[in-house]
Amino acid sequence: MENYFEKIKKYLHNGHAKEMDNRIERLRMYIDEILLDMKDTQERRCGYLHLYGVSQTCAFIALKRNQDVELATMAGMLHDLHSYKTQNTDKHAEQGAVLARQILEELSLTNENETDLICSAIRNHSSKAIVHSAFDEVLKDADVLQHYVYNPLFPVMEHEKNRLQNLLTEFGIKPHQNDYEYR
Ligand SMILES: [Fe+2]
């Protein structure tokens, strides 16, 4: 990972980023190492797509709802990391929160309150039928929205339909016309 920041500077913001060394990028650098270590290239692809996708979608939703965009972006990066790292999805939200706390403490990126906020969102993110705190809801909705925008032609999973409909309404988006689920 030597020259990591120099390398990503070339590709992000057209090379004009003045300061890349912030908490989001420091966390991403750590997570990239875990993802790059995955032997299964298809799983690695899924890991990159989903974690970066949810992280970016978290930023989008957090900005709209006036939630902490930095912490939400970090929560998105961490939320399913345990599943990709271990290739085990048992109790993935709880296990994900444990790993997230371990990483945040190891990197000393966040204070106690911030760590609790991120880990709570990760612990609760599988409970899509329940409404938790406004910050927790950003991650749950980002998970659903990333699945949708990855490919709007795919059928929507049953347990994500209500949330997706609410998100599309919130953002004033008409579903893709091929999405038979919402015609
Ligand atoms: Fe997820």
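Worth saying up front: this structure is predicted, and the values here are computed from it rather than measured. (Residues numbered from 1 in each chain as written. Predicted model: local features only at pLDDT ≥ 70, side-chain atom pairs only at ≥ 80, totals over all residues.)

J.: Before we move on, could you go through the overall build of the protein chain and cite the residues and values that matter?
T.: Along its length, the protein chain carries nine helices and zero strands. Taken from the N to the C terminus, the helices and strands of the protein chain come in the order α-α-α-α-α-α-α-α-α. A burial count over the protein chain gives 31% of its 183 residues as buried. Counted over contacts in the protein chain with a minimum sequence separation of 6, partners at least 24 positions apart contribute 53%. (Helix = DSSP H or I, 4+ residues; strand = E, 2+ residues; numbered from the N terminus. Buried ≥ 20, exposed ≤ 12 C-beta atoms within 10 Å, placed from the backbone. Contact = placed C-beta atoms within 7 Å.)

J.: Account for helix H4 (residues 69-78), with residues named and values stated.
T.: Of all ten residues in H4, eight are buried; the element is thus mostly enclosed. Every buried residue of H4 is listed here: Leu71, Ala72, Thr73, Met74, Ala75, Gly76, Met77 and Leu78. Against helix H2 (23-36), helix H3 (41-65), helix H5 (81-86), helix H6 (92-107), helix H7 (112-124) and helix H8 (134-150) lie the buried residues of H4.

J.: Pulling in residues and values, what's your account of the packing of H7 against H8?
T.: In the contact formed by H7 and H8, the axes pass within 9 Å of each other and the chain directions differ by 50°. Viewed along their axes, H7 and H8 adopt a mutual orientation that is oblique. Relative to H8, H7 is oriented so that their crossing is right-handed. Contacts between H7 and H8 involve Leu117, Ser120, Ala121, Ile122 and Asn124 from the former and Phe135, Asp136 and Leu139 from the latter. Tallied by class, residues from the contact of H7 with H8 come to five nonpolar, two polar and one charged. (Axes fitted to C-alpha atoms, helices over the stretch in contact; angles between N-to-C directions. Parallel < 35°, antiparallel > 145°, perpendicular 65-115°, else oblique. Left-handed = near helix turned anticlockwise from the far one by under 90°. Nonpolar A, V, L, I, M, F, W, Y, C, P; charged D, E, K, R; others polar.)

J.: Run through the packing of H3 against H4, naming residues and quoting values.
T.: The N-to-C vectors of H3 and H4 enclose an angle of 155°; their axes lie 7 Å apart at closest approach. One finds that H3 runs roughly antiparallel with respect to H4. For the pair H3 and H4, the sense of crossing is right-handed. Of the residues in H4, those in contact with Leu51, Val54, Ser55, Thr57, Cys58, Ala59, Ala62 and Leu63 of H3 are Val69, Ala72, Thr73, Ala75, Gly76 and Met77. Partitioning the contact of H3 with H4 into residue classes produces ten nonpolar, four polar and no charged.

J.: Which residues make up the nonpolar core, and what values go with them?
T.: Counting 34 residues, the largest nonpolar core has Cys58, Ala72, Ala75, Leu78, Ile118 and Ile122 as its most contacted members. Elements with a contribution of two residues or more to this core: H2, H3, H4, H5, H6, H7 and H8. Once you skip the residues sitting within four places of it in the chain, Ile118 turns out to touch Leu71, Met74, Ala75, Leu78, Ala100, Leu104 and Thr110. (Core = buried A, V, L, I, M, F, W, Y, C linked by C-beta atoms within 7 Å.)

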